[in-house]
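Report on the structure
Next come the chains, spelled out residue by residue.
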Amino acid sequence: MGKLYTFISEQQDKRMRLIELIELDSDAEAPLPESPGPEAELGLPEQIGILPIRSTVAFPGTVMPLAIGRQRSKRLVEDVEPQETVFGLIAQKNPDVDDPTARDLYRVGTAASVLKVIKMPQGSVNIIVHGIARFRVVEYVATEPYLKARIKMLQTRTRRSKRLDALVMSVRTTAGRVVALSPNIPEEAAMLLENIQEPSALADFLAATLNITVEEKQALLEELNTYKRLEKVSVALANQLEVLEMSHKIQGQVRESIDKSQREYFLQEELKAIQAELGQDDRRTEELKELQAKIKAARMPKAVEVEAVRELDRLSKIPPVSPDYSVIRTYLDWVCELPWAKRTKDLIDIARARRVLNRDHYGLDKVKRRVLEFLAVRQLNPHGKSPILCFIGPPGVGKTSLGQSIARAMGRKFVRISLGGIRDEADIRGHRRTYIGALPGRIMQELRKCGSGNPVFMLDELDKIGQDFRGDPASALLEVLDPEQNDSFTDHYLEQPFDLSNVMFIGTANYTEPIPPALKDRMEVLHLPGYTQTEKLKIAQKYLIGRQLRENGLKKTQLTIRDDALAEVIQRYTSEAGVRELERTIGAICRYAATQIAEKKRQRMTVGAKDLAAILGPRKYESELAQRTAVPGVATGLAYTPVGGEIMFVESAMMPGKGQFMLTGQIGEVMKESAQAAFSTVKADAAVLQIEPKVFAGHDFHVHVPAGAVPKDGPSAGIAIFTSLVSLLTDRPARPDVAMTGEMTLKGLVLPIGGLKEKILAAKQAGIKTVILPKRNEKDLVEVPGEARRGLEFVFVSRAEQTLDVVFRPKVKNKTRAAPKRRPKNTK
């Protein structure tokens, strides 16, 4: 670069020797008349070849290199004699045009001569040209073999004055500061500036070096007035100087910060060297070495390891007192302690797994079969994905303990988190590290605790997840419970993908309605219905009694609970789908026996059914069907609740009024609509049901479902409400041993229902003898255990009026709907 500026200086001296400088009278107050520029003494040919140039503008008095690549330009260079032939340099308006014509070029250019031609090995040509004078194209006379034009030389106008001298001095000073602040411009440039005395030449030299657009440079080339040209150059220089000063200030600040950091680094390195000479390692160095060893031992994926090493490098450069130090240290601890490559080996022994499941749980054949199927598939395909199961059932049926048994059967670790009541998405995905006290989500926390990447992971209470302004945790679970996505689960705190595809997720819920459809679609739902009385008896004998004896410090020889006592407890002291209340009641019996033995009143104790009143008090649950259904207007329905099946009484009453219809008993919207449909059907079919139509206009009707403090909803009470209203209007009591369930349409059709097993168990426990079910549920009866069906008569109906033949026998058998199937035209 320095040689180029030296070469430019030499050429400038040659040019200046050809120019006679005008003598100035420095004491003159008035400006001298305009004098022509130095071009006046130079002669140019009338016609010259034209060399189009891209993205730059050539100025008189300047030397610049050009790369020649176009064929016409090469032919022009071949005809040019170095330092003798003059040709024109004109800038293109659009640099993207490869073959420019006269319309693509500016009209003003610079006459130049070639100083040196350099031929490159690839066939291209580089030339160094020296600008001589401005010219204007009069007309183009040829296009082949290259552009030729007839030109007219332009002369610059310079009027010497003190104002011009002051502007020259200002421009020279500003240019000197620009050169001083520009690291890529050598010192020779400042000397060259001092040697250029002629104002027009100074303006052209600076215009050629300014960092401005081609259009702005072309405007400077076309400006013939030296003073105006220098003004424009001064403005451009001032802008460039402002940018350079600001950049220099920023670089100074950065350099100062870097120098400070380097000084601290050097001091730390010196301290390390001194400690190494003394055979000592400081505590921080040991800590960094320990973290580095943990990173290698974690066997994390390559991308995660690179990020961990980067964070460790940052940690080594941060002072321990910095707030970022503890943030990075905590992050590295989490990353190193996660089970990236730790797995427990699955025990693929189907016979053993069957023994473990049967030993821990009674019944639940469908769930056990599904677990054994998974083990069989894993034996044939060890790299298959883990299933996503969801256990749906009432409380106390063993959903959580079943997950523990599955983990034991497979030889995996067991993890459980309760999702009930969580409302923050960060509980699942974690907080970002920008927050103070940020931590990973519950998924990553539990995996870190268990130390295994393939545990049995139970997500308890899926139906009790909440949501608010902090996010929707259920939506965050979509990625966790999707086998196609969870191989790259990203926690917000870790910001690195973690493979959850080896984790066997099991969700639990009491019922499916609150679970979002998208979340439920990702899981394989397995229903765990309530237990029958025999199943409860077996569970108590096999599991509950032994566990309560151990918890209360009793031996098997000290307390015996007979089967008749257990049956009495199940029927008269508990009412549930599961066995939690049963276990608590057995615990009360054990505590009573422990008290008797501790007080030396007895050495051993046998409890029978007749002893329960003294131990547990009076019976808690008695059948009241006969009393509740002994009057017209009362029908017995069957309901399914989150805690199992229940019987439900529907009471109807009428009083003088204006035909209004009221519903009470904390009934939900769906059940209200079902009641309205039943009432409308009764009114529409009044003639067929032998009901006086006028009774509806002169009376108000009230339907109540007792236990008003308990919310009720669902469509399955439709035929029970229909039966209750018909019983009231025909003044005939319903049979006390008949219960019914089924959704009803306005046309009297009976639609299928759910929770069949739970409802049948509730009917059997309540002493029901006959159960009326929808015809379309007949195929589902095979899933109900034989013990639950034993002793019950099942009647399947497809229309609501068919229930009346069963409920009102035999008195109203001939008065039920035996008339035409079509509704009479005179009834509405």
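Residues numbered from 1 in each chain as written. Predicted model: local features only at pLDDT ≥ 70, side-chain atom pairs only at ≥ 80, totals over all residues. Heavy atoms only, no water.

Here's the deal with the pairing of strand β6 (residues 125-142)
Pairing of strand β3 (residues 63-68) with β6, which is carried by six bridges, proceeds in the antiparallel orientation. Across the sheet, M64 pairs through a bridge with V129, a residue of β6. Of the pairings in the sheet, the one linking strand β5 (residues 108-119) to β6 comprises 11 bridges and is antiparallel in character. Residue pairing in the sheet places K116 in a bridge with I128 of β6. In this structure, β6 lies alongside strand β7 (residues 148-153), joined through six bridges in antiparallel fashion. Each residue of the ladder has a partner; that of Y140, found in β7, is A149. (Pairing = 2+ DSSP bridges. Helix = DSSP H or I, 4+ residues; strand = E, 2+ residues; numbered from the N terminus.)

Structural notes on the pattern of salt bridges
Opposite charge on two side chains permits them to pair, given that their charged atoms come into close proximity. Summed over all chains, the structure comprises 40 salt bridges. E223 serves as the salt-bridge partner of K232, at 3.7 Å between the closest nitrogen and oxygen. Between R412 and D346 there is a salt bridge; the shortest N-O distance is 2.8 Å. Of this pair, R412 sits in the loop between α13 (399-410) and β10 (414-418) while D346 sits in the loop between α10 (323-337) and α11 (350-360); the two residues are 66 residues apart in sequence, bridging distant segments of the chain. Owing to a relative accessible area of 7%, R412 belongs among the buried residues under this scheme. On the basis of relative accessible area, D346 is assigned to the buried category, the value being 14%. (Salt bridge = Lys/Arg side-chain N within 4 Å of Asp/Glu carboxyl O. Buried < 20%, exposed > 50% of the residue type's maximum accessible area, 1.4 Å probe, protein only.)

Notes on the side chain of E446
On the secondary structure map, E446 appears in helix α15 (residues 442-450). Judged by its relative accessible area of 12%, E446 is buried. Those residues within four positions of E446 in sequence are excluded, and the remaining contacts are V415, I417 and F457. (Contact = heavy atoms within 4.5 Å.)

Focus: the sheet that holds β10
Strand order in the open sheet formed by five strands is β10-β11-β14-β9-β15, with parallel pairing between adjacent strands. The outermost strands of the open sheet, each flanked by one partner alone, are β10 and β15 (524-527). Taken pair by pair, the neighbouring strands of this sheet meet at an average axis angle of 20 degrees, ignoring direction. The sheet contact formed by strand β9 (residues 388-392) and β15 spans four bridges and is parallel. When the sheet's bridge partners are listed, C390 is paired in β15 with V525. Against the sheet, α13 contacts β9, β10, β11 (456-460) and β14 (504-509), and its axis sits at roughly 175 degrees relative to β11. (Axes fitted to C-alpha atoms, helices over the stretch in contact; angles between N-to-C directions.)

Let's talk about the nonpolar core
The biggest cluster of nonpolar side chains holds 65 residues, and the ones touching the most others in it are I50, L66, L89, I127, V129 and L206. Considering each element in turn, this core owes the most residues, eight residues, to β6. Ranked by size, the runner-up nonpolar core spans 52 residues in total, among them L332, I417, F498 and A509. (Core = buried A, V, L, I, M, F, W, Y, C linked by side-chain atoms within 4.5 Å.)

Details of the confidence of the model for the chain
Confidence in the prediction of the chain, expressed as mean pLDDT, is 82, and 89% of residues score 70 or more. Of the regions scoring below 50 in pLDDT, residues 1-9 engages in 19 contacts with residues more than four places distant in sequence or in other chains. Here residues 14-33 is a poorly scored stretch, pLDDT under 50, and it has 24 contacts once near neighbours within four places are set aside; other chains count. (pLDDT = per-residue confidence, 0-100.)

A few points about α15
Looking only at α15, the buried set comprises I443, M444, Q445, E446, L447 and C450. Looking at the residues trailing α15, positive phi occurs at G451, about 70 degrees.

Some words on a positive patch on the surface
A grouping of K93, R107, R136 and K152 is seen on the molecular surface, where their side chains present a positively charged patch. Here R136 is to be found in strand β6. Among the residues examined, R136 registers a relative accessible area of 39% and is labelled partly exposed. (Patch = residues over 30% accessible without salt bridge, like charges linked within 9 Å, V, L, I, M, F, W, Y side chains within 5 Å. Areas by Shrake-Rupley, 256 points an atom, 1.4 Å probe, with all protein chains shown as cover. Lys, Arg positive; Asp, Glu negative; His and termini not counted. Charge placed at Lys NZ, Arg CZ, Asp CG, Glu CD.)

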